[in-house]
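# An overview of the molecular structure
Here is what each chain is made of, one letter per residue.
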Amino acid sequence: MAGRRSSLGFLGMFGRSSDLRQLDAALRGADLHPALVPEGVKLTIVNLMKDPWPDEPPGQAYAEVAQLFSYCVAGPEIFESSHGLQQRQDVERRVEAAVQAGDSFDAQIVLMALHAKLIDAEVVERYGLSAE
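Predicted model, so just to flag it, every value in this text is computed and none were measured. Position numbers for residues count from 1 along each chain, tracking the sequence in the order it is written. Where totals are concerned, whole chains, interfaces and linings use all residues; where local detail is concerned, this predicted model gives features only for residues with pLDDT of at least 70, and gives and counts side-chain atom pairs only at 80 or more. Hydrogens are left out, water is left out, and the side-chain values use all remaining heavy atoms of the structure.

### Description of the nonpolar core
Residues belong to one nonpolar core when they are buried, are Ala, Val, Leu, Ile, Met, Phe, Trp, Tyr or Cys, and are joined through side-chain atoms within 4.5 Å. Burial classes: relative accessible area under 20% of the type maximum marks a residue as buried, over 50% as exposed, and values in between as partly exposed (1.4 Å probe, protein chains only). If you look at the biggest cluster of nonpolar residues, it comprises 33 residues, and the most contacted ones within it are Ile 45, Phe 69, Ile 109 and Ile 119. Of all the secondary-structure elements, those providing two or more residues to this core are α1 (18–29), α2 (39–48), α3 (61–74), α5 (85–101), α6 (105–115) and α7 (121–127). Labels follow the DSSP assignment, with helices taken as runs of H or I lasting at least four residues and strands as runs of E lasting at least two, numbered in each case from the N terminus. Top contributing element to this core by residue count: α3, with eight residues. Ignoring sequence-local partners within four residues, the contact set of Phe 69 consists of Leu 27, Leu 32, Val 37, Val 41, Ile 45, Ile 109, Met 112, Ala 113 and Leu 118. Only heavy atoms matter for contacts: two residues are in contact if any of them lie within 4.5 Å across the pair.

In structure tokens form, the structure reads like this:
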């Protein structure tokens, strides 16, 4: 069985792969415009998703990844204003668990936001994140 292949397209001739289109839609749903996320970061995210889901991620996976990434980029207050207190608390529990686990899938997403320098300063400070 061949693995999923991610593609950005080429000169407008070949379309974006399904996983990148799904991630873009999920980012929009998480109130983060996909144009604000560099293509290399999105490609890395969908490639990270291939580890826990080698065939195809479950339906809600893109939305959950996008919410976590959106929280990291927007910060707690802006995220809460778009999604509400309950979703903010849910995502904050995921970030706390990721920081404690150190090498979980969620930790990789948070680390991606940190390394890409897209992460909100308040998130970095609140969780004591550093890229060393």
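From this point, things continue past the structure.
### Points about the packing of aromatic side chains
Any pair of Phe, Tyr and Trp rings, taking the six-membered ring for Trp, is counted once the centres come within 6.5 Å. Such a pair is stacked with planes under 30 degrees apart, edge-to-face with planes over 60 apart, and tilted for the rest. According to the stated counting rule, one finds two aromatic pairs in the structure shown. With a centroid separation of 5.5 Å and 75 degrees between ring planes, the pair formed by Trp 53 and Phe 105 is classed as edge-to-face. Note that Trp 53 is positioned in the loop between α2 and α3 and Phe 105 in helix α6, a separation of 52 residues in sequence. Residue classification places Trp 53 among the partly exposed positions, given a relative accessible area of 22%. Measuring from centroid to centroid gives 5.6 Å for Tyr 71 and Phe 79, while their planes differ by 80 degrees, and the two rings are edge-to-face. Taken as a pair, Tyr 71 and Phe 79 share a single burial class, namely buried.

### Focus on the packing of α1 against α3
Fitted lines through C-alpha atoms give the axes, limited to the stretch in contact for helices. The angle between two N-to-C directions lies from 0 to 180 degrees. Interaxial distance between α1 and α3 falls to 8 Å at its minimum, and their mutual angle equals 55 degrees. By the angle between their axes, α1 is oblique relative to α3. Crossing handedness for the pair α1 and α3: right-handed. Residues Asp 19, Gln 22, Leu 23, Ala 26 and Leu 27 of α1 pack against Tyr 62, Ala 63, Ala 66 and Phe 69 of α3. A breakdown of the residues in the contact of α1 with α3 according to their chemical character gives seven nonpolar, one polar and one charged. Roughly parallel here means an angle under 35 degrees, roughly antiparallel means over 145, roughly perpendicular means 65 to 115, and every remaining angle is called oblique. Put simply, a crossing is left-handed when the front helix is turned counterclockwise from the back one by less than a right angle, and right-handed when it is turned clockwise. Basically, the charged four are Asp, Glu, Lys and Arg, the nonpolar ten are Ala, Val, Leu, Ile, Met, Phe, Trp, Tyr, Cys and Pro, and anything else, Gly included, counts as polar.

### Considering α6
Among the 11 residues that make up α6, eight are buried, leaving the element largely enclosed by the rest of the structure. Residues of α6 that are buried include every one of Phe 105, Asp 106, Ala 107, Ile 109, Val 110, Met 112, Ala 113 and Leu 114, and no others. Buried positions along α6 lie against α2, α3, α5 and α7. Backbone geometry just downstream of α6 places Lys 117 in the positive-phi region, at approximately 60 degrees.

### So, the environment of Cys 72
Topologically, Cys 72 is positioned in helix α3. Of the residues examined, Cys 72 reaches a relative accessible area of 0% and is grouped as buried. Linking Cys 72 and Glu 122, residues 50 residues apart in sequence, is a C-alpha distance of 9.1 Å. Beyond its immediate stretch of four places on either side in the chain, Cys 72 contacts Val 110, Ala 113, Leu 118, Ile 119, Asp 120 and Val 123.

### Describing the layout of surface pockets
Site definitions follow a grid-based scheme: protein atoms alone, a 1 Å grid, a 1.4 Å probe that fits but cannot get out for cavities, and for pockets an open set with protein on both sides within 12 Å along at least five of seven lines, plus lining residues having an atom within 4 Å of a point. Grid points are joined across faces, edges and corners, and a volume is the space filled by probe spheres set on the points. Approximately 220 Å³ is the volume found for the largest pocket. What lines the largest pocket is a set of 13 residues, and nearest its centre among them are Gly 102, Ala 107, Val 110, Leu 111 and Leu 129. At the level of elements, α5 and α6 are the ones that each hand at least two residues to the lining of the largest pocket. No other element matches α6, which puts five residues into the lining of the largest pocket. For the lining of the largest pocket, the per-class residue count stands at eight nonpolar, four polar and one charged.

Shape is all these values report; function is a separate question.
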